[in-house]
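Listed here are the chains, written in short residue letters.
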Amino acid sequence: MSGHVKNMYPQLSISQAARTLLSLLLVAAIDSMNAGIACRNQQCESHIQRSSKLTRLIHMESVDLLKIYASQGDLSELFCQMPINIVPNPNISGLDPSERMLSIYSHCKAFLPHLKRVTEQQRDLQPPSSPLLNNLTTAQYRTSGLANQIKCIYQTLFPNLPIPLEPVDGPTSIHPSQNVFQQKVYGCVVLKNFKELLSQIRHELRTIKNQMCKSRTFAYTNALF
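Residues numbered from 1 in each chain as written. Predicted model: local features only at pLDDT ≥ 70, side-chain atom pairs only at ≥ 80, totals over all residues. Heavy atoms only, no water.

Colleague: I'd love a proper account of the overall build of the chain, names of residues and values included.
Modeller: When helices and strands are tallied, the chain shows six helices and zero strands. Reading the helices (α) and strands (β) of the chain from amino to carboxyl end gives α-α-α-α-α-α. Counting only residues that meet the buried cut, the chain has 38% of its 225 residues in that class. Once local pairs closer than 6 in sequence are excluded, the contacts in the chain between residues at least 24 apart make up 84%. (Helix = DSSP H or I, 4+ residues; strand = E, 2+ residues; numbered from the N terminus. Buried < 20%, exposed > 50% of the residue type's maximum accessible area, 1.4 Å probe, protein only. Contact = heavy atoms within 4.5 Å.)

Colleague: If you had to explain the pattern of salt bridges to someone new, which residues and values would you point to?
Modeller: Working definition: two side chains of opposite charge can pair if their charged atoms are close together. All chains considered together, the criterion is met by four salt bridges. Notably, a salt bridge pairs Glu-45 with Lys-209, separated by 3.7 Å at the nearest N-O pair. A residue pair is termed long-range when its members are at least 10 positions apart, and Glu-45 in helix H3 (residues 44–70) and Lys-209 in helix H6 (residues 180–223) qualify at 164 residues. Note that Lys-192 and Glu-196 form a salt bridge whose closest N and O atoms lie 3.5 Å from each other. Of the two residues, Lys-192 and Glu-196 are both situated in helix H6; the distance of four residues between them amounts to about one turn of the helix. Looking at Lys-192, the relative accessible area reads 11%, which means it is buried. (Salt bridge = Lys/Arg side-chain N within 4 Å of Asp/Glu carboxyl O.)

Colleague: Give a description of the packing of aromatic side chains that names residues and reports values.
Modeller: With the rule as written, the count across this model stands at two aromatic pairs. Taken together, a centroid distance of 5.9 Å and an interplanar angle of 45° make the contact between Phe-111 and Phe-194 tilted. Residue Phe-111 is found in helix H4 (residues 97–123), and its partner Phe-194 is found in helix H6; the two are separated by 83 residues along the sequence. Residue Phe-111 is classed as buried on the basis of its relative accessible area, which comes to 0%. Phe-194 sits in the buried class, given a relative accessible area of 2%. Ring centres of Tyr-154 and Phe-158 lie 5.4 Å apart, and the angle between their planes is 50°; this geometry places the pair in the tilted category. On the basis of relative accessibility, which here comes to 4%, the residue Tyr-154 falls in the buried class. (Phe/Tyr/Trp six-rings, centres within 6.5 Å; stacked < 30°, edge-to-face > 60°.)

Colleague: Describe the packing of H4 against helix H5 (residues 131–157), and please don't skip the residues or the numbers.
Modeller: Two elements in contact, H4 and H5, have axes whose closest approach is 9 Å; the angle formed by their N-to-C orientations is 160°. Judged by the angle between their axes, H4 and H5 are roughly antiparallel. Where H4 crosses over H5, the handedness of that crossing is left-handed. (Axes fitted to C-alpha atoms, helices over the stretch in contact; angles between N-to-C directions. Parallel < 35°, antiparallel > 145°, perpendicular 65-115°, else oblique. Left-handed = near helix turned anticlockwise from the far one by under 90°.)

Colleague: Any chance you could break down H5 for me, citing the residues and the numbers?
Modeller: The first and last C-alpha atoms of H5 sit 38 Å apart over 27 residues, in line with the 39 Å expected at 1.5 Å per residue. For H5, the capping residue at the N-terminal end is Ser-130, with a side-chain oxygen 3.1 Å from the backbone nitrogen of Leu-132. (Expected span 1.5 Å × (residues − 1). Polar contact = N/O pair within 3.5 Å; in protein donor to acceptor, adjacent residues only side chain to side chain.)

Colleague: Describe the environment of Lys-53, with residues and values.
Modeller: Considering the arrangement of structural elements, one finds Lys-53 in helix H3. For Lys-53, a relative accessible area of 48% translates into the label partly exposed. Separated by 149 residues in sequence, Lys-53 and Arg-202 have C-alpha atoms that sit 8.8 Å apart.

Colleague: Which residues make up the state of the cysteines, and what values go with them?
Modeller: Under the defined criterion, the tally for this structure stands at one disulfide. One disulfide in the model links Cys-80 with Cys-188; its S-S distance is 1.6 Å. Negative torsions about the S-S bond denote left-handed disulfides, and the value of about 60° found for Cys-80 with Cys-188 makes this one right-handed. Linking Cys-80 in the loop between H3 and H4 with Cys-188 in helix H6, this pair joins segments that are 108 residues apart in sequence. (Disulfide = S-S within 2.5 Å.)

The following block contains the structure:
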């Protein structure tokens, strides 16, 4: 009888990639539930400090991710420099803090479908336990979390300014099909621009923190007297 039950319910094996994905989904769910509370309760400096730490982490991981990706096959670093119109540029735009903060948010959202596409392409080429797949999946979820944090900061600092539904630089577009070589070049350009974007975000958050948090603290202090 026991053998019959075992045959009915064979032992399930979960790959490392699946375990990583499940862990990230759990963390994302918890972060999503706590996002509203954290957004309301944190002060300006705490908001930006939290996002700066996450950005620094993603940036460090993006450096390793690009190295791993570029080291595969015969992909030359020159291919990573090729201009591809559909890949978002990493340059933050805007004349004032509100516009630049919105540009950061827009860029994070714009890169997400491209990171997802690169992950899907590599899933067809890599074994399930590939560190590259794990790192790409992690980059997606961390970037989604960063976008939510930036949105929170924007709504806190500029409560009367709306957030556009489409990215500031226009809707994101992705080629429907690519051959293997085109996929390699596309993925490398995406990851290179992504790394450069994170470097810019780190700088922008430091600047916005100095510009906005000090002025808000001064205004709050004056309001107490």
